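Now for the letters of each chain:
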Amino acid sequence: MKIMVAALLALAPLCGALAQSYPSKPLRIIVPFTPGSATDTMARPIAERLSSALGQPVVVENRPGAGGTIGIAALAKSPADGYTLAVVSTGHVVNPVLYANLTYDTLKDVSGVAPIAGQPCVLVVSPQLGVKTVKDLAAMAKAKPGQLNYATAGVGSAAHICAEKFRVAAGIDAVHVPLKGSPESLTETMGGRTQFTWTPLSTAVGQIKEGRLLALAVSTGKRSPQFPDVPTIAEAGFPKAEFNFWVGMLAPAGTPRDVLNKLNAEIQKALAAPEMKERLANLGNEPMFMSPGEFDAFLKEEYTVLGEVMRASGVKAQ
């Protein structure tokens, strides 16, 4: 026992030295969704700020597919040295319910670095669809069971969770069309190939303002300052469909705590900067502040609560 204690005491200065010298080479941030997705649009400004603060290049690498599991699997297999990170969204915590053969453990193989921001999802349709309210859309779906299509950023994505909560709350039968990312789901909906989509607000701001998409409701409990005339989903008559979308950064499990703390501190500084707050607010985001330990606890709670939602829906990845 004395030998073990002595060994641990000897390692302590080395861990401190690691944090002091970190980083000594470029960092990579994996985004498990397509460029232009909500996760991607939040990862890139954080990467810019980290690069400036840490004095090293920070490269964003998009690795989309399978509801984000491809990118997260790559993170879990990476060295736990703080040089490979990932920015993920809410869907990360429900993938174990949907995918039977994940090559990683959602909680044990990754560590929380920091949350970045939260925002509402928004229910949008093409103006040509001819509906004006959420109840109009629900009535159309009930009149045509199994005939309406809804797009999402993939099975298990945050948009998919939101859409499933709405589908169950509204009691409608519609066909899920999983795509690689939010930009693709918006394109399909604008083109009329899918009739509606739920998407993080930041991905649809431009299309809504330009009139190419009609916003019917936001998923959160309060209206978005970006679109104060758009009701919440509860105000639209479906309170059980409320949903909060978040984005945060992960590292491989075993990453030194000093490194996690250093990254967390720099991310919190970035989020508190006035220009970053304005940039995020313009996309409908609200910064989130937690320590690595608090973020881990948050992930576990979301894993439990949202996992039950998806189990109740009966959805599985094909």
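Residues numbered from 1 in each chain as written. Predicted model: local features only at pLDDT ≥ 70, side-chain atom pairs only at ≥ 80, totals over all residues. Heavy atoms only, no water.

Draft legend 1. Up close: the layout of surface pockets. Reported here for the largest pocket is a volume of approximately 550 Å³. Every element with two or more residues in the lining of the largest pocket is listed here: β4 (110-119), β10 (245-252), β11 (286-287) and α11 (292-313). Among the elements that line the lining of the largest pocket, the one with the most residues is α11, at 5 residues. The residue inventory of the lining of the largest pocket, partitioned by class, reads 12 nonpolar, 9 polar and 6 charged. (1 Å grid on protein atoms, 1.4 Å probe; cavity = no way out; pocket = protein on both sides within 12 Å on 5 of 7 lines; lining within 4 Å. Points joined across faces, edges and corners; volume = space filled by probe spheres on them. Helix = DSSP H or I, 4+ residues; strand = E, 2+ residues; numbered from the N terminus. Nonpolar A, V, L, I, M, F, W, Y, C, P; charged D, E, K, R; others polar.)

Draft legend 2. Region of interest: empty space enclosed by the protein. Tallied over the entire structure, the rule returns 2 cavities of 30 Å³ or more. Put simply, the largest cavity is a space of about 80 Å³. Lining the largest cavity are Phe33, Ser37, Ala38, Thr39, Ser89, Ala153, Ser157, Ala158, Ala159, Ser182, Pro200 and Phe245. At the level of elements, α2 (38-54) and α6 (158-170) are the ones that each hand at least two residues to the lining of the largest cavity. Per-class residue counts for the lining of the largest cavity are 7 nonpolar, 5 polar and no charged. Taken as a whole, the second largest cavity holds about 30 Å³ of empty space. Taken together, Pro32, Phe33, Gly67, Gly68, Ile72, Val88, Ser89, Gly91, His92 and Asn95 make up the lining of the second largest cavity. Split by residue class, the lining of the second largest cavity holds 4 nonpolar, 6 polar and no charged.

Draft legend 3. Representation of the environment of Gly130 within the structure. Summarising the element assignment, Gly130 is placed in the loop between β5 (121-125) and α5 (134-143). Considering only alpha carbons, one finds Gly130 and Met140, 10 residues apart in sequence, at a separation of 9.8 Å.

Draft legend 4. View of the sheet that holds strand β9 (residues 214-218). Spatial strand order, β7-β6-β8-β5-β9: 5 strands in an open sheet with mixed pairing. The open sheet has two edge strands, β7 (175-178) and β9, and neither has a second partner. Pairs of neighbouring strands in the sheet enclose a mean axial angle of 30°, with direction left out of account. (Pairing = 2+ DSSP bridges. Axes fitted to C-alpha atoms, helices over the stretch in contact; angles between N-to-C directions.)

Draft legend 5. Inspection of the packing of α2 against helix α10 (residues 274-281) at higher detail. One can describe the packing of α2 onto α10 by two numbers: an axis separation of 11 Å at closest approach and a directional angle of 170°. Taken together, α2 and α10 sit at an angle that is classed as roughly antiparallel. Across the interface between the two elements, Met42, Pro45, Ile46, Glu48 and Arg49 from α2 touch Glu275, Met276, Arg279 and Leu280 from α10. (Parallel < 35°, antiparallel > 145°, perpendicular 65-115°, else oblique. Contact = heavy atoms within 4.5 Å.)

Draft legend 6. Representation of the pattern of salt bridges in the model. Counted according to the given criterion, the structure contains 12 salt bridges. With its nearest N and O atoms 3.6 Å apart, the salt bridge here joins Glu61 to Arg63. Under the relative-accessibility criterion, Arg63 is labelled partly exposed at 30%. Of the charged contacts, one joins Glu286 and Lys222 as a salt bridge, the two residues approaching to 3.7 Å between their closest N and O atoms. Note that Glu286 is positioned in strand β11 and Lys222 in the loop between β9 and β10, a separation of 64 residues in sequence. (Salt bridge = Lys/Arg side-chain N within 4 Å of Asp/Glu carboxyl O. Buried < 20%, exposed > 50% of the residue type's maximum accessible area, 1.4 Å probe, protein only.)

Draft legend 7. Geometry of the pairing of β4. β4 sits mainly inside the fold: 10 of its 10 residues count as buried. Bridge analysis of β4 against β11 gives 2 bridges, and the strand direction is antiparallel. Across the sheet, Ala117 pairs through a bridge with Pro287, a residue of β11.

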